[in-house]
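Per-entry structural report
The chain contents come next:
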Amino acid sequence: MNRNVFHLLGIFFLCLAVGCGLFIEFFYLQKPCSLCFLQRASMLMVALGLYWNLVYGTYARYYAFSFLSALLGLSCSLRHMGLNVCKPIGVDTFFFCSYRIYTWSFLVFFASLVCLSCLLFFYKQTAPISRKWQHIVGGVLGVLLVFCITSILYHRGFSF
Amino acid sequence: MVFIYLLILGAVFFSWKGKKKVSKLVWLLAFAAGFLTWGLFIYHGLSPLEIKI
């Protein structure tokens, strides 16, 4: 199987995770905190590293960028879990399949690290994907980023 | 916070164009976003002012 299929699958699942976060935010009115925004940024950076593999061809340095981003996201989600582990569960606490959203985020980053390690283990150079697919994937990433920017501007404005 | 996403958007846009000439700019944007994210994680996540979270 062509290696780019795995890159496409990885980007799809990461975009799905960010999309679900945005859906929960807007339809269940869950206000995201700073760490949530940082986890989304990390997820999109993992997807960006995979996207470079589609555009410029497969190189280890692109995996390294994704790996570092996944590590950052994993740290953020672990910290987020640690901050809330002793807090009592409120009536408005949002759960998805018995887990909170940052726990799902932790699982996504953990799975990303495992998958990236497997891709690096069986490293092989491949040619870039066709221009049409590059544009489609880049467009999806761009739209998600625009939604994320809108969400930040709505909740926090330009503050850090 | 919004600047991180703008930097990632810039990196996606310039790689979307697919030109090798701008690959250094793409790297610069992506690494700036990465460093800012690490910085904000330390500032928001690890600072003692956890009440902000």
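Above: the structure in question.
Below, the structure is looked at part by part. (Residues numbered from 1 in each chain as written. Chains lettered and ligands numbered in written order. Predicted model: local features only at pLDDT ≥ 70, side-chain atom pairs only at ≥ 80, totals over all residues. Heavy atoms only, no water.)

1. Here we look at the overall build of chain B
What counts, and what does not: Only DSSP runs of H or I with at least four residues qualify as helices, and only runs of E with at least two residues qualify as strands; both kinds are numbered from the N terminus onward. Residue exposure (1.4 Å probe, protein chains only): buried if accessible area is under 20% of the type maximum, exposed if over 50%, otherwise partly exposed. Note on areas: Shrake-Rupley with a 1.4 Å probe; residue coverage comes only from the protein chains shown.
Within chain B, the secondary structure is distributed over two helices and zero strands. Burial statistics for chain B: of 53 residues in total, 40% are counted as buried. When the accessible surface of chain B is totalled, it reaches about 3,000 Å², and 78% of it is carbon and sulfur.

2. Side note on the packing of aromatic side chains
Here is the rule: Under the pairing criterion, centres of Phe, Tyr and Trp rings, with the six-membered ring standing for Trp, must be within 6.5 Å; the plane angle then separates stacked pairs below 30 degrees from edge-to-face pairs above 60, leaving the rest tilted. Any Lys NZ or Arg CZ found within 6 Å of a ring centre and within 35 degrees of that ring's normal is scored as a charge over the ring.
Summed over the entire model, instances satisfying the criterion amount to 20 aromatic pairs over all chains. When the centroid spacing of 6.2 Å and the interplanar angle of 25 degrees are considered together, the rings of Phe13 of chain B and Trp16 of chain B count as stacked. Taken together, the residues span about one helical turn, with Phe13 of chain B and Trp16 of chain B both in helix H1 (residues 2–17) at a distance of three residues. With 6.3 Å between their ring centres and 65 degrees between their planes, Trp38 of chain B and Phe41 of chain B make a pair best called edge-to-face. On the criterion of helical spacing, the pair formed by Trp38 of chain B and Phe41 of chain B is a turn pair, its members being three residues apart in helix H2 (residues 23–45). By way of ring pairs, the aromatic residues Trp52, Tyr56, Tyr59, Tyr62 and Phe65 of chain A together with Trp27, Phe31 and Phe35 of chain B are connected into one cluster. Over the face of the ring belonging to Tyr59 of chain A we find Arg61 of chain A, whose NZ or CZ atom lies 4.7 Å from the ring centre.

3. Concerning the interface of chain B and chain A
Note the threshold: We call two residues in contact when some of their heavy atoms are within 4.5 Å. Criterion for a salt bridge: a side-chain nitrogen of Lys or Arg within 4 Å of a carboxyl oxygen of Asp or Glu.
Taken together, the contact pairs 34 residues of chain B with 41 residues of chain A. Scanning the region where chain B abuts chain A turns up zero salt bridges. Breaking the side of chain B that touches chain A down by element, the ones donating at least two residues are H1 and H2 of chain B.

4. Re the side chain of Ser151 of chain A
One can find Ser151 of chain A in helix H5 (residues 131–155). Non-local contacts of Ser151 of chain A, meaning those with residues more than four positions away in its chain, are made with Leu22, Glu25, Phe26, Pro32, Phe37 and Arg40 of chain A.

5. Topic: helix H4 (residues 101–121) of chain A
Residue and element names in this part refer to chain A. Note the following rule: The span expected for a helix works out to 1.5 Å for each residue beyond the first.
Its 21 residues place the ends of H4 30 Å apart at the C-alpha level, agreeing with the 30 Å of an ideal helix rising 1.5 Å per residue. Taken together, the buried positions of H4 are Tyr102, Thr103, Ser105, Phe106, Phe109, Ser112, Leu113, Leu116 and Leu119. In this fold, the buried residues of H4 make contact with helix H1 (3–27), helix H2 (34–56) and helix H3 (60–84).

6. So, the packing of H2 of chain A against H2 of chain B
Formally: Note on geometry: axes are lines fitted to C-alpha atoms, helical ones only across the stretch in contact, with angles between N-to-C directions running from 0 to 180 degrees. Roughly parallel means an angle under 35 degrees; roughly antiparallel means over 145; roughly perpendicular covers 65 to 115; every other angle is labelled oblique. Handedness of a crossing follows from how the near helix is turned relative to the far one, being left-handed for an anticlockwise turn of less than a right angle and right-handed for a clockwise one. Amino acid classes used here: Ala, Val, Leu, Ile, Met, Phe, Trp, Tyr, Cys and Pro are nonpolar; Asp, Glu, Lys and Arg are charged; the rest, including Gly, are polar.
Two elements in contact, H2 of chain A and H2 of chain B, have axes separated by 10 Å at closest approach and are oriented at 160 degrees. By the angle class used here, H2 of chain A and H2 of chain B are roughly antiparallel. Crossing handedness for the pair H2 of chain A and H2 of chain B: left-handed. Across the interface between the two elements, Ser34, Leu35, Leu38, Ser42, Met45, Leu48, Trp52 and Tyr56 of chain A from H2 of chain A touch Ser23, Val26, Trp27, Ala30, Ala33, Gly34, Thr37, Leu40, Phe41, His44 and Gly45 of chain B from H2 of chain B. In the contact of H2 of chain A with H2 of chain B, the residues fall into 12 nonpolar, seven polar and no charged.

7. Focus: the environment of Phe14 of chain B
All names here are of chain B. Relative to the helices and strands, Phe14 resides in helix H1. Of the residues examined, Phe14 reaches a relative accessible area of 24% and is grouped as partly exposed. Residues Phe14 and Trp27, 13 residues apart in the sequence, show an inter-C-alpha distance of 10.0 Å.

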